[in-house]
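# Architecture at a glance
Next come the chains, spelled out residue by residue.
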Amino acid sequence: MAAAPLYCVCRQPYDVSRFMIECDICKDWFHGSCVQVEEHQAVDIDVYHCPNCDDVLGPSLMKKRNNWHRHDYTEPNDGTKPVQAGTSVFVKELQNRAFASGEDILLRMRGEQVTQRYLERHGFHYPIAVTEMEGLGLKLPPTTFSVKDVEEYVGGDKVIDVIDVARQADSKMKLSEFIKYYTKPHRPKVLNLISLEFSDTKMSKLVEVPDVAQRMSWVENYWPDDSFFPKPFVQKYCLMGVKDSYTDFHIDFGGTSVWYHVLWGEKIFYLIKPTLDNLALYEAWSSSPNQSEVFFGDKVDKCYKCVVPQGTTLLIPTGWIHAVLTSQDCMAFGGNFLHNLNIGMQLRCYEMERRLKTPDLFKFPYFEAICWYVAKNLLETLKELREDGCPPPNYLVDGVKALIGALKTWLKREVTEPSSEVPDNIRPNHLIKELTKEIRHLEPVNGHKPVKSQGSACGSGSGRARRAARRLREQQEQPPKIPTNLDILEQHTREVLKRLEVGPLEEDAAFCTKVHGKLNKVSTASASASAVAELLDDNHLRFTFVNGRIIR
């Protein structure tokens, strides 16, 4: 077999995960990290000279800038092409634009007022600004926490995605390189970091998300520990932006709601309400070839400007379309969460992402899987409320109806686009049928709405007793679980260890007979392979594994 070709000054084979640049003279390829060229810098090079060719021909030749208003700054500045989002000209024009005041839509609340109960009663339809943090449950580092502290807690070798704002293009670099860039007095370009999720780092202990986000989160409440799919981590992001960083209009993935807190610096949000008309305009704008040349705020009736200074927390509801400008160097923390209050809008945003062919990298991880888990839990909730004589809130009924429709669509889609996210422990058709039944119980009968039964109280002791009784009945109706081979092995091991603790090992004839009997019973019930273990005189076990089962 031929050896893999070697590249770069390090003479290593090609690695798809590492950025490389080709020398325009010798045509060899080099790792950017080996020749001190970052991915975002490569686009500015016209003719690249590697270290060897550099000695002979001199340094690389850089592209010539011809304009300040286009993503491709080499285009001629003849006034024929419009300004594109993110460029320095665009940012200056944005700062001079007039907008409706954010005070027209913002709900200003104290931290202690922002509770799950409040949102369930009044809805979560407008952004909430919190300046008095007490009672919000949000824990953060002190305002002296710096970008270098982030590097210390997260690790400088972590590879991150950064946005070259003037080109609105992503590139990868190590966190340590971004921190060097951030702390330089002169920055040749504007780079923005908005996707550093740090739940799996030491910094996670420094941040606790707001109580309302934690308690309402689908992932925190419904994602099972034994799920086949990896748990999504989207609740803890660190955002580090330099002055004039800009993120164009977007809806957060899966229609998630968002919390932001500005630790230091300042951000400006441009907010648009997710009406059906605005969502349709947004989808058309997102799929247009000249998207970057059109300011979406001009296409809607009202776009609201909301300044978020240091120490303020902003909560943005499901589906709100927003752009963000960093008006001064800033560090912010934030997170995303799905919840029960706006299920229909979350599903609408997800389907829009599918139509726009949004890459998986920018979608909520395993969105359909979490919806199946939620459906299973909401079925239990509806049953309990019905038994207690408590009508469910309207937002929950509307949400379950939307969820049933989405689950049916996804099952039909499986026929032509197999990419199942249905968890193994869920029977999808049965679950949809049971949910539909519960919704029918809530529908008017002969023109009359279902009436709450007399003398019952939601959450009362009698209601809890009925729920416990129902769970007991369900458990009794389930067939007795036959112990698996590994269950029997574990039981035997525990018994042997017990005897080792109390003294010399003695043969337990009764126990061995019992184990032999169970193994034989299980093995005869298996169609694929028989499973039997042999107990030796010295209490050692000899096993053979075939297809994940123990056989003799």
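Taking an unreviewed UniProt entry as the reference, the protein is identified by name as Lysine-specific demethylase 7A belonging to Neogobius melanostomus. The record held by UniProt for the protein lists under Cofactor (unreviewed entry) the comment "Fe(2+)". Recorded in UniProt for the protein, the comment headed Subcellular location (unreviewed entry) runs: "Nucleus".

### A closer look at helix H5 (residues 147–154)
Regarding H5, the residues found buried are Val 147, Val 150 and Val 154. The buried residues of H5 occupy an angular sector of 45° when projected down its axis, which confines them to one face. Turned more than 90 degrees away from the buried face of H5 sit Lys 148 and Glu 152, all of them exposed. Looking at the packing, one finds that the buried side of H5 touches helix H6 (175–182), strand E12 (191–197), strand E13 (237–241), strand E15 (257–272) and strand E18 (321–337).

### Description of the packing of aromatic side chains
Considering all chains together, one arrives at 24 aromatic pairs under this definition. A ring pair is formed by Phe 228 and Phe 229, whose centres lie 5.4 Å apart and whose planes are at 80°; its orientation type is edge-to-face. Where Phe 367 meets Trp 410, the ring centres are 6.3 Å apart and the plane angle is 75°; that geometry is what we call edge-to-face. Taken together, the residues Phe 367 in helix H11 (residues 367–387) and Trp 410 in helix H12 (residues 394–416) connect sequence positions 43 residues apart. The class for Phe 367 is buried, based on a relative accessible area of 1%. Relative accessible area serves as the criterion here: at 3%, Trp 410 is assigned to the buried category. The side chain of Arg 65 reaches across the aromatic face of Trp 68, ending 3.9 Å from its centre. Across from the ring centre of Phe 295, 4.2 Å away, lies the NZ or CZ of Arg 97, which sits over that ring.

### Let's talk about the packing of helix H10 (residues 343–355) against H11
Interaxial distance between H10 and H11 falls to 12 Å at its minimum, and their mutual angle equals 155°. One element, H10, and the other, H11, form an angle in the roughly antiparallel class. Seen from above, H10 lies across H11 with left-handed handedness. Contact residues: Ile 343, Gln 346, Leu 347, Tyr 350 and Arg 354 in H10; Phe 367, Glu 368, Cys 371 and Leu 378 in H11. Its residues placed into classes, the contact of H10 with H11 shows six nonpolar, one polar and two charged.

### Let's talk about the pattern of salt bridges
For side chains of opposite charge, pairing can occur when their charged atoms come near one another. The full count for this structure, using the stated rule, is 22 salt bridges. The closest approach of N and O atoms between Glu 177 and Lys 180, which form a salt bridge, is 3.5 Å. With Glu 177 and Lys 180 both in helix H6 and three residues apart, this pair spans about one turn of that helix. The partly exposed category is assigned to Glu 177, whose relative accessible area is 28%. A relative accessible area of 49% means that Lys 180 is categorised as partly exposed. Taken together, the salt bridges that share partners define one network made up of Asp 44, Asp 164, Arg 167 and Lys 189.

### Side note on the nonpolar core
In terms of nonpolar packing, the biggest core is built from 56 residues, with Phe 269, Leu 403 and Trp 410 touching the most fellow members. Ranked by the residues each element gives to this core, the list is headed by H11, at eleven residues. In contact with Trp 410, not counting residues within four places along its chain, are Leu 347, Tyr 350, Glu 351, Phe 367, Glu 368, Cys 371 and Trp 372. Core analysis: the second largest hydrophobic core is formed by 41 residues, Ile 128, Tyr 182, Phe 198 and Cys 238 among them.

Criteria and thresholds
Residues numbered from 1 in each chain as written. Predicted model: local features only at pLDDT ≥ 70, side-chain atom pairs only at ≥ 80, totals over all residues. Heavy atoms only, no water. UniProt positions renumbered as here; feature names shortened; annotations may be inferred. Buried < 20%, exposed > 50% of the residue type's maximum accessible area, 1.4 Å probe, protein only. Helix = DSSP H or I, 4+ residues; strand = E, 2+ residues; numbered from the N terminus. Arc of directions from axis to C-beta. Contact = heavy atoms within 4.5 Å. Phe/Tyr/Trp six-rings, centres within 6.5 Å; stacked < 30°, edge-to-face > 60°. Lys NZ or Arg CZ within 6 Å of the ring centre and 35° of its normal. Axes fitted to C-alpha atoms, helices over the stretch in contact; angles between N-to-C directions. Parallel < 35°, antiparallel > 145°, perpendicular 65-115°, else oblique. Left-handed = near helix turned anticlockwise from the far one by under 90°. Nonpolar A, V, L, I, M, F, W, Y, C, P; charged D, E, K, R; others polar. Salt bridge = Lys/Arg side-chain N within 4 Å of Asp/Glu carboxyl O. Core = buried A, V, L, I, M, F, W, Y, C linked by side-chain atoms within 4.5 Å.

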